[in-house]
Amino acid sequence: MAAPASDTLLQQFTGRKTRGVLRFVILGLIAGAAVSSRLFSVIRFESIIHEFDPWFNFRATKYLVQNGFYSFWDWFDDRTWHPLGRVTGGTLYPGLMVTSGVIYHALRALTLPVDIRNICVLLAPGFSGLTAFATYLLTSEMVASPSAGLLAAAFMGITPGYISRSVAGSYDNEAIAIFLLVFTFFLWIKAVKNGSMFWGALTALFYGYMVSAWGGYVFITNLLPLHAFVLICMGRYSPRLYVSYTSWYALGTLASMQIPFVGFLPIRSSEHMSSLGVFGLIQIVGFVEYVRVQLPNKQFQTLLRALVFVIFVVAFGGLVVLTVSGTIAPWSGRFYSLWDTAYAKIHIPIIASVSEHQPTAWPAFFFDLSMMIWLFPAGVYMCFRSLTDEQVFIVIYSVLASYFAGVMVRLMLTLTPIVCVASAMAFSQILDTYLDAKIPEQGAKENGSSDPAKVAAAVLPDGLRSTRNPLVGIYSYASRLTVIGASTVYLMLFVLHCTWVTSNAYSSPSVVLASRLPDGSQHIIDDYREAYYWLRQNTPDNAKVMSWWDYGYQIGGMADRPTLVDNNTWNNTHIATVGKAMSSREEVSYPIMRQHEVDYVLVVFGGLLGYSGDDINKFLWMVRIAEGIWPEEVKERNFFTQRGEYRVDEEATPTMKNSLMYKMSYYNYNSLFPAGQATDRVRGVRLPAEGPQLSTIEEAFTSENWIIRIYKVKEPDNFGRDHQSATAFDKGHKKKRASKRKGPRVLRVE
Amino acid sequence: MAPKKAQSHTAPSAQSASSTPAKSSSKSSGNALDAQEIVLGVWNKYVEKTPQRVKLLDCFMLFLAVVGALQFLYCIIVGNFPFNAFLAGFSACVGQFVLTASLRIQTNPENKKEFETTSPERAFADYVFGSFLLHFFCVNFIN
C-alpha cells in the first residue's frame, strides 16, 4: 500500500510542471473559444455597435478619447434632453469608457493605430476571456480538484446567459462588469481564507472598479456583508473574517465614493446600510471575542449571542427610523420592483416598460443555462455537505441570485457565474469519480472513501457521516464507460446548444436586421442607419429630433442630433411630455413641440415589414407614462375600444385615430396598396380606406422599408392661420369663401 | 440595557483593549464587586502580558478613536458643511483604526494558528499597502 502511494506522489511531483503548462494552455483555449463564439455578429453583419445603450457608451468614449479625461469628467451635454441638458460626467458609470480609453491609448503608445470603434466592439469578447479566467480562479478556491475550475471556466466562456450581454458590439457596462464581479468575489474568498489585509485591499480596489463600471455593484455591496453575517451567525467568526471584512469595507466604501454618480450614496441610501451594519457588528463581535479570550467564561457565549441580537435589532430599528424620518434615502424604485414584482407596474410605468425588467419566463432558464440548470442544485448540495466558509458563500450567492434572476430578466447575468461554478463542481465530481481508472484493492477502504473525503477536506464535525458508504460495484469498466459516455454526450450537447443559441438569438445588432429571402439567402434590412444618416446629412447641425426615448441614444450616436429624451430616463416628466405629444391630437401636440423647439419627429413603424418592435406596439407605454403625469388629459381607457381591445383598424377609437403617433405611422400608407387593401402586417389587420391627414407636420423622409419615418414640424403659418385651415386651404376645401368670390368674377366676365 | 446600547453606538471606538472599562459595564449586571475584580484582573493581565509593540499599537488605536470621536462631535455641534472633508477625515480615522486592529490581530502570537501563512513582516507590508490606498482615497475625496 505504501509503495503505490509514494509512486503517485512522485508522479505528481514530476507531473506538476506539465500540468501547470497544460492548465495554462487549456485556459488559453477556453479564452479563445469564449472570444470567438462572440464574434458571430461581426462575421454575420459587421463591426458595429449594437442596440441602444451601447450607442451612448460609444459616444461618451469618443468624447473621452477626443477631449481627454478631465473634460470628460466635467462633461455637460447640451445635445440630449434638449432644453435641460444632462450633466453626463456626473451621471454615468465611467468605468467602461475609461477602460476602453486606456486600451486605446495603450495601443497608440505601442504604435498600433486601432480605431476606437473596433476597441469598443471587441471589448466585451476580450473581457469574456478574462471572465473565464476569473471563474477558474474562483472555482479553484472552492474545491481542491483543478478540473472543476477548468470546467467552470469553459462553462462561463460559452454559456448563453453571459453571452447574451457580451457579444461583439454589445458595448455595455455589463461587458466588463461581470468580469469584475467574478474577480471581486474571487479576491474576497481569497481574503476570507487567508485573513489578509492585502487581499482585502485588493477586493476593495476591484470593488471600486466595479462601482465605476456598473450599477449592479449593489449586489456585491449586499452579498459580502451577508456572507460575513451568516458566518457570524453560524458561530464561525474568526479574526480572519474581521481582517478581511473590515479592510474591504473601509477601503471599498471610500473607493466607491470617488465616483461622482455614487457620491454619498454609500452612507445615505438603504441599499448600502447592510454593509455598514455588518461593519459595526463585526467590530463589536471582534471586541467581545477579544475579551472572551482574555477572560474565559461560559457566560460569555450567551452574552455574545444576546449582544449580537440586541445590536441587530437596535441597528435595524435605527435604520427604519432614519429611513422614515428621511435622513437616509428610501429604496429606489428598481429595488422595490425586486421585492414586489407588481410594484413597478403600478407605480413606475417607465421601469415596467423596459423589457429587460420583466420577470423571467421559466424557459429562459433552460435557454440560457441549458444542462447547467439541473447540475446547479447538485453543486449547491455538494457545498452543503462540506460547509466551509467559502462554500457558505456559494450557497448564499446561489440562493440570492436565483431569486433575483427569477424577478428580472437582466439579472440572469448575475446568476450565471454561480451556476457555472456550482455545476462545474458537480460535474467534475462525476468525472473525477469515474475517470479514476484505479480499481481499489482489498484494503481500499480508505482509498474509496478518499474521493468524497477530498471534497470534505476541511473536515467538519458531520463531514464523514454521509461519506462512509460501503463499496458498491461501480468499478467495472462497463458502468464507468456508461457514465463517462453519458457525461461526454451532455457536454457535447451543451456546446451545441450554446453555439446555436449564440448564433441565432444573441448575435443580432438590432440596428441592422436580417431576414431570409425565399431562396434562403440573407437579406439585410438597414433602415435605421439609412434614416439616421439622412438626418445627419440633410438637417442642420442643431435640429432637435423628438422620438420615443428608446431611440434617443441612437439618434445621438448615429445621427449626431440633439434629442429630447433618451434611454437615460432620468427625468420622468420630460419623457411624459413626449408621451403626451405623441398620444394627443395634433392641436395639442403642436404647441408642445413648438415649446420644445422640435424640428423633426421620428417614429418607427413596422407595419409594412412585419417588424413587431415598432412604436405602435410601444404606444400604450407612452400613453401610460403620460397618464402618470397628466391623468386629466391623457387617458389610457380612451385608446381601447368599447370591448377593451387595442385596435388600429376601422374600429379604432377616435382618440387613437387622432393621436399624433397613429397619424404619423399610417400617413400615406394607403398609397402603397390598391384602394382599400392597406394592411398592417404586424397587427395583421386591414386599415381604414382613408388614411389620416396631417396638418401641423409634414413628411420629410421615409426609409426603404418604412421602418423609420421622419416628419418635419411646420413653422407657424405666414398668414397667422392655424395649420388646420391652412392645410384645408391648400387642399382646395375652400368652398365657402370661393363661392363668395366667384360671384363677382362671373359677373365681370359677362 | 442602557450601557450596552451606549457601547454599541461607539462600537468602532470601543474595540481596543484600552476600553476594557466599557466592557465592564456590560458585565456589571452581575455583582458590582465581582465585576471590579474582573476588570482589575483583566487590566493587570493586559499590563503584564501584552508585548510592548502591541501596546504601542493600542495607543495608536486609542488616539485614532479619540480623533474620530472628536470629528464626529464637531460634525454634530458645528455642522457638516464640507461634507466631503468630514467624511474623508472621519473615514481616514475609521479605516486606519480598522487596519491597525487587523495588524494587531495578525501579529498577535495568540492568533498564530489562524494566520499560519502570515508572518509579522508580511502583515506589516499589507498594513502599509492598505494605508497607502486608504490615504490616497481620502486625499482624493477631501477636495
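This is a predicted model, so every value here is computed, not measured.

**Here's the deal with the overall build of chain B**
Part 1 of the argument: The helix and strand tally for chain B stands at six helices and zero strands.
Part 2 of the argument: Reading chain B from its N terminus to its C terminus gives the helix and strand order α-α-α-α-α-α.
Part 3 of the argument: In chain B, which comprises 143 residues, the share counted as buried stands at 44%.
Part 4 of the argument: In chain B, once contacts between residues fewer than 6 apart in sequence are set aside, the share between residues at least 24 apart is 64%.
Part 5 of the argument: Carbon and sulfur atoms provide 68% of the accessible area of chain B, an area that totals close to 8,100 Å².

**Some words on the overall build of chain A**
Part 1 of the argument: Helix and strand counts for chain A stand at 32 helices and eight strands.
Part 2 of the argument: Relative to its full complement of 750 residues, chain A shows a buried share of 53%.
Part 3 of the argument: For chain A, the proportion of contacts with a sequence separation of at least 24, taken over those separated by at least 6, is 71%.
Part 4 of the argument: Surface exposure of chain A reaches about 33,300 Å², of which carbon and sulfur atoms provide 61%.

**Overview of helix H31 (residues 723-731) of chain A**
Three or four residues apart is the spacing at which side chains of an α-helix point the same way, because the helix has 3.6 residues per turn.
All names here are of chain A.
Part 1 of the argument: Taken together, the buried positions of H31 are His723, Ala726 and Thr727. Each buried residue of H31 lies within a common arc of 95 degrees when the element is viewed along its axis, so the set occupies one face.
Part 2 of the argument: Those residues of H31 that are buried are in contact with helix H27 (586-595).
Part 3 of the argument: Once H31 finishes, glycine 732 follows within two positions and takes phi at roughly 90 degrees, a positive value.

**A short note on the nonpolar core**
Residue and element names in this part refer to chain A.
Part 1 of the argument: If you look at the biggest cluster of nonpolar residues, it comprises 235 residues, and the most contacted ones within it are Phe185 and Leu415.
Part 2 of the argument: If one sorts the elements of this core by residue count, helix H8 (residues 174-194) sits on top with 15 residues.
Part 3 of the argument: Setting aside residues up to four positions removed in sequence, leucine 415 forms contacts with Phe365, Leu369, Phe376, Ser398, Ala401, Ser402 and Ala405.

**Here's the deal with the state of the cysteines**
Part 1 of the argument: On inspection of all chains with the given rule, the structure shows zero disulfides over all chains.
Part 2 of the argument: Not part of a disulfide, cysteine 420 of chain A finds its nearest cysteine sulfur in cysteine 498 of chain A, a span of 8.9 Å.
Part 3 of the argument: The class of cysteine 420 of chain A is buried, set by a relative accessible area of 0%.
Part 4 of the argument: Note on cysteine 59 of chain B: no disulfide assigned, nearest cysteine sulfur contributed by cysteine 93 of chain B at a separation of 16 Å.

**Focus: the UniProt feature "transmembrane region" (unreviewed entry) in chain B**
All names here are of chain B.
Part 1 of the argument: Within the UniProt annotation, "transmembrane region" (unreviewed entry) is assigned to residues 59-79 and 124-142.
Part 2 of the argument: Taken as a whole, residues 59-79 contains 95% helix and 0% strand, while its terminal C-alpha atoms sit 29 Å from one another.
Part 3 of the argument: Secondary structure across residues 124-142 divides into 100% helix and 0% strand, with the first and last C-alpha atoms of the span separated by 26 Å.

**Points about unusual backbone geometry**
Residues and elements named next belong to chain A.
Part 1 of the argument: Backbone geometry at aspartate 560 places phi at a positive 55 degrees, although glycine is not the residue there.
Part 2 of the argument: Take aspartate 560: its relative accessible area is 30%, and that puts it in the partly exposed class.
Part 3 of the argument: Phi is positive for tryptophan 706, which is not a glycine, with a value near 65 degrees.
Part 4 of the argument: Here tryptophan 706 lies in the loop between strand S7 (697-702) and strand S8 (708-713).
Part 5 of the argument: For tryptophan 706, a relative accessible area of 12% puts it in the buried group.

**Some words on the UniProt feature "domain: STT3/PglB/AglB core" (unreviewed entry) in chain A**
Part 1 of the argument: When the UniProt feature table is mapped to this numbering, "domain: STT3/PglB/AglB core" (unreviewed entry) covers residues 544-594 of chain A.
Part 2 of the argument: The span residues 544-594 of chain A shows a helical share of 57% and a strand share of 4%, and its end C-alpha atoms are spaced 11 Å apart.

**Focus on the side chain of arginine 86 of chain A**
All names here are of chain A.
Part 1 of the argument: Its location among the elements puts arginine 86 in the loop between helix H3 (53-73) and helix H4 (95-109).
Part 2 of the argument: In this structure arginine 86 is buried but unpaired, with aspartate 566 as the nearest side chain of opposite charge at 4.9 Å.
Part 3 of the argument: A distance of 3.1 Å separates the side chain of arginine 86 from the side chain of threonine 91, its partner in a polar contact.
Part 4 of the argument: Residues in contact with arginine 86, not counting those within four places in the same chain, are Phe56, Trp75, Phe76, Asp77, Thr80, Trp81, Thr91, Leu92, Tyr553, Asn568 and Trp570.

**As for the packing of aromatic side chains**
All names here are of chain A.
Part 1 of the argument: One pass over the full model with this rule turns up 61 aromatic pairs over all chains.
Part 2 of the argument: The residue whose ring lies beneath arginine 624 is tryptophan 621, and the NZ or CZ to ring-centre distance is 4.6 Å.
Part 3 of the argument: When the ring centre of tyrosine 600 is taken as origin, the NZ or CZ atom of lysine 712, which lies over that ring, is 5.2 Å away.

**Considerations on the packing of helix H21 (residues 412-435) of chain A against helix H23 (residues 477-505) of chain A**
A pair of packed helices is characterised by two quantities: the angle between their axes and the separation of those axes.
Residues and elements named next belong to chain A.
Part 1 of the argument: Where H21 meets H23, the closest approach of the two axes is 9 Å, and the angle between their N-to-C directions is 145 degrees. Considering the relative orientation of H21 and H23, their crossing is left-handed. On H23, the residues touching Phe427, Ile430, Leu431, Tyr434 and Leu435 of H21 are Arg480, Val483, Ile484, Ser487 and Leu491.

**Focus on the pattern of salt bridges**
All names here are of chain A.
Part 1 of the argument: On inspection of all chains with the given rule, the structure shows 27 salt bridges over all chains.
Part 2 of the argument: With its nearest N and O atoms 3.8 Å apart, the salt bridge here joins arginine 79 to aspartate 541. Pair noted here: arginine 79 is in the loop between H3 and H4 and aspartate 541 is in the loop between helix H24 (527-538) and strand S3 (545-546), with a separation of 462 residues, a long-range link.
Part 3 of the argument: Measuring nitrogen to oxygen at the nearest pair gives 3.2 Å for the salt bridge that ties lysine 193 to glutamate 141. Remark: glutamate 141 occurs in helix H5 (residues 116-142) and lysine 193 occurs in helix H8; sequence separation between them is 52 residues.
Part 4 of the argument: Put simply, Arg79, Asp541, Asp560 and Arg561 are held in one network by salt bridges that share partners.

Rules used in this analysis
- Once a new chain begins, its residue numbering starts again from 1 and follows that chain's sequence as written.
- Working convention: letters from A go to chains and numbers from 1 go to ligands, in the order in which they are written.
- With pLDDT at 70 or above as the cut-off, local features in this predicted model cover only qualifying residues; side-chain atom pairs require 80 or more to be listed or tallied, and sums for whole chains, interfaces and linings still use all residues.
- Only hydrogens and water are set aside; all other atoms, that is, all heavy atoms of the structure, feed into the side-chain values.
- Each helix corresponds to a stretch of at least 4 residues labelled H or I by DSSP, and each strand to a stretch of at least 2 residues labelled E; elements are numbered beginning at the N terminus.
- Exposure is judged per residue with a 1.4 Å probe applied to protein chains only, and the accessible area is read against the type maximum: over 50% gives exposed, under 20% gives buried, and values in between give partly exposed.
- Whether two residues are in contact is decided by their heavy atoms: any pair within 4.5 Å suffices.
- All accessible-area figures derive from a Shrake-Rupley calculation using a 1.4 Å probe, and residue coverage is judged against the displayed protein chains alone.
- This arc describes the spread of directions from the helix axis toward the C-beta atoms.
- Within this scheme, the nonpolar core is defined by two criteria: the residues are buried Ala, Val, Leu, Ile, Met, Phe, Trp, Tyr or Cys, and they are joined through side-chain atoms within 4.5 Å.
- Any cysteine sulfur atom paired with another within 2.5 Å is treated as part of a disulfide.
- UniProt positions are given in the numbering used here, feature names are shortened, and annotations may be inferred rather than shown by experiment.
- Positive charges come from Lys and Arg alone, negative charges from Asp and Glu alone, with His and the N- and C-terminal ends not counted.
- Note on definitions: salt bridges are taken to be side-chain nitrogens of Lys or Arg within 4 Å of carboxyl oxygens of Asp or Glu.
- Here a polar contact is taken to be a pair of N or O atoms separated by no more than 3.5 Å, where protein atoms must pair a possible hydrogen donor with a possible acceptor and residues adjacent in sequence count only if both atoms sit in side chains.
- By convention, a stacked pair of Phe, Tyr or Trp rings (six-membered ring in the case of Trp) has centres within 6.5 Å and planes under 30 degrees apart, an edge-to-face pair has planes over 60 apart, and any other such pair is tilted.
- Whether a charge lies above a ring is judged from NZ of Lys or CZ of Arg, which has to be within 6 Å of the ring centre and within 35 degrees of the ring normal.
- Here an axis means a line fitted to C-alpha atoms, over the contact stretch when the element is a helix, while the angle between two N-to-C directions is reported on a 0 to 180 degree scale.
- We call a crossing left-handed when the near helix sits turned anticlockwise from the far one by less than a right angle, and right-handed when that turn is clockwise.

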